[in-house]
Amino acid sequence: MGYIIGVDAGGTKTEAIAYDRKGCELARFSSGFGNLLVDAGLAMKHIQEVIEGCQNQLLGQSCDFICLGIAGIEAGIHREAVEIMLKPLSIPFTLINDAQLAHGALLEGKDGILAISGTGSVAYGKQGAETGMTGGWGHLLGDEGSGYWIAIAAIKSMIAREETGQPLGILGQNILAHLGISGVSQLKKMVYQGTKGEIAALVPVIVAAAKSGDGEAQGILSAAGMHLGEMVLRLARLLKMPPDLKIAAKGSILMQIEAVKGAFKTTIQREIPDAAFIFEDIHSAKGAYFLSPTRKGE
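Calculation notes
- Residues numbered from 1 in each chain as written.
- Predicted model: local features only at pLDDT ≥ 70, side-chain atom pairs only at ≥ 80, totals over all residues.
- Heavy atoms only, no water.
- Helix = DSSP H or I, 4+ residues; strand = E, 2+ residues; numbered from the N terminus.
- Rg over C-alpha atoms; globule rule 2.2 N^0.38 Å.
- Buried < 20%, exposed > 50% of the residue type's maximum accessible area, 1.4 Å probe, protein only.
- Areas by Shrake-Rupley, 256 points an atom, 1.4 Å probe, with all protein chains shown as cover.
- Lys, Arg positive; Asp, Glu negative; His and termini not counted.
- Charge placed at Lys NZ, Arg CZ, Asp CG, Glu CD.
- Phe/Tyr/Trp six-rings, centres within 6.5 Å; stacked < 30°, edge-to-face > 60°.
- Lys NZ or Arg CZ within 6 Å of the ring centre and 35° of its normal.
- Pairing = 2+ DSSP bridges.
- Axes fitted to C-alpha atoms, helices over the stretch in contact; angles between N-to-C directions.
- Contact = heavy atoms within 4.5 Å.

Caption draft 1: Spatial organisation of the overall build of the protein. The helix and strand inventory of the protein stands at 12 helices and 10 strands. In terms of overall size, the protein behaves like a compact globule, its C-alpha atoms giving a radius of gyration of 21 Å where 298 residues would be expected to give roughly 19 Å. Here the C-alpha coordinates of the protein stretch approximately 70 × 45 × 30 Å along the principal axes. Looking at the protein as a whole, 49% of its 298 residues qualify as buried. In the form shown here, the protein has an accessible surface area of approximately 14,200 Å², with 53% of it arising from carbon and sulfur atoms. Once the 26 positive and 30 negative side-chain charges of the protein are each reduced to a mean point, those two points are 2 Å apart.

Shown next as structure tokens:
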């Protein structure tokens, strides 16, 4: 029997993992970003590299199926180009978005909701034949509860203090010290010229302030968890999920920040007290194993 390749193509890196029929990892290969909306040509080059990288480690064995979770694939404008690139491989494949691949990995292809919060935020759910998403609108239209949102919320709080004549608290002082600047007015350049990732990099400073007892930072992290919980609740209502639904989490904000995780769970449990939570560190690429049509009947 051959192997299955899962490709997780995100905004930072692309990683492919090959699995045997028992779900055991056989090979792994990484390359640069795979988000087609960043640079389609370069993203496809990275996707091709990781697939070939796994195949080269497994010479003499056959690949039965490739499942690619690609950020930006739902936009549709590059799907045909990816399909043309993959056709010469003569291997059955499917193209889905990266959230759907991660959902397959954490929920093992079964019904439930996956909430993701890293630099951005999104929820993807499946109930029978129905699927849906909430969030995922990007930093200009949404991404509430994400790392970017947390950082901007802290900066806005600093601006409010500045404009009302209040002294900066521990949070504001720590952010200025971390950035090596002397005043709130200098934040404007950082926000408007920095990348989303650079802005979201302030999150550890905010977490440290919260752990030291700063109420302002604690409030921002709690609000982030509430937003993420509400994102899941909206999706649960849309898909008419059962009261004992499974909810999985992924991304550094939800997985590593206890204050966010706690508020996330509390918000959901107020409305869905029987929800079961999954906080496991499982690579998104394993979604290929659980979503593979070749597993049916095994």
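Caption draft 2: Molecular detail of the packing of aromatic side chains. Here the structure, examined in full by the defined rule, presents four aromatic pairs. Measuring from centroid to centroid gives 6.1 Å for F264 and F277, while their planes differ by 70°, and the two rings are edge-to-face. Taken together, the residues span a long stretch of sequence, with F264 in helix α11 (residues 258-271) and F277 in strand β10 (residues 276-278) at a distance of 13 residues. With relative accessibility at 0%, the residue F264 sits in the buried group. Relative to F290, the ring of Y289 lies with its centre 5.0 Å away and its plane at 70°, an arrangement referred to as edge-to-face. Taken as a pair, Y289 and F290 share a single burial class, namely buried. Here the aromatic residues F264, F277 and F279 are joined through ring pairs into a cluster of three or more. Cation over ring: K261 sits above F279, and NZ or CZ is 4.7 Å from the ring centre.

Caption draft 3: Just the sheet that holds strand β1 (residues 3-9), in detail. Strand order in this open sheet of five strands is β3-β2-β1-β4-β5, and the pairing throughout is mixed. Unpaired on one side and paired on the other, β3 (25-31) and β5 (93-96) mark the two borders of the sheet. Between one strand axis and the next, the sheet turns through 15° on average, direction left out of account. Where strand β2 (residues 14-19) lies against β3, six bridges are found, and the strand directions are antiparallel. Note on β3: the bridge partner recorded for A18 is A27. Relative to β3, helix α1 (residues 40-57) is tilted by about 150°, and along the sheet it contacts β1, β2, β3 and β4 (63-70). The strands touched by helix α2 (residues 79-86) are β4 and β5; relative to β5, the strand with the most contacts, the crossing angle is about 155°.

Caption draft 4: Structural detail: the side chain of N35. Tracing the backbone through its elements, the reader meets N35 in the loop between β3 and α1. Relative accessible area serves as the criterion here: at 16%, N35 is assigned to the buried category. If sequence neighbours within four positions are ignored, N35 has contacts with G10, G11, A43, A71 and G72.

Caption draft 5: Structural view of the sheet that holds strand β9 (residues 246-250). Reading across from one edge, β8-β7-β6-β9-β10 is the order of the five strands in this open sheet, with mixed pairing throughout. The open sheet is flanked by β8 (130-135) and β10, the only strands paired with a single partner. Across this sheet, the average inter-strand angle for adjacent strands is 20°, counted without regard to direction. Contacts from helix α3 (residues 98-106) reach β6 (112-117), β7 (121-127), β9 and β10 within the one sheet, and its direction differs from that of β6 by about 120°. The strands that α11 touches are β6, β9 and β10; relative to β10, the one it contacts most, it runs at about 155°.

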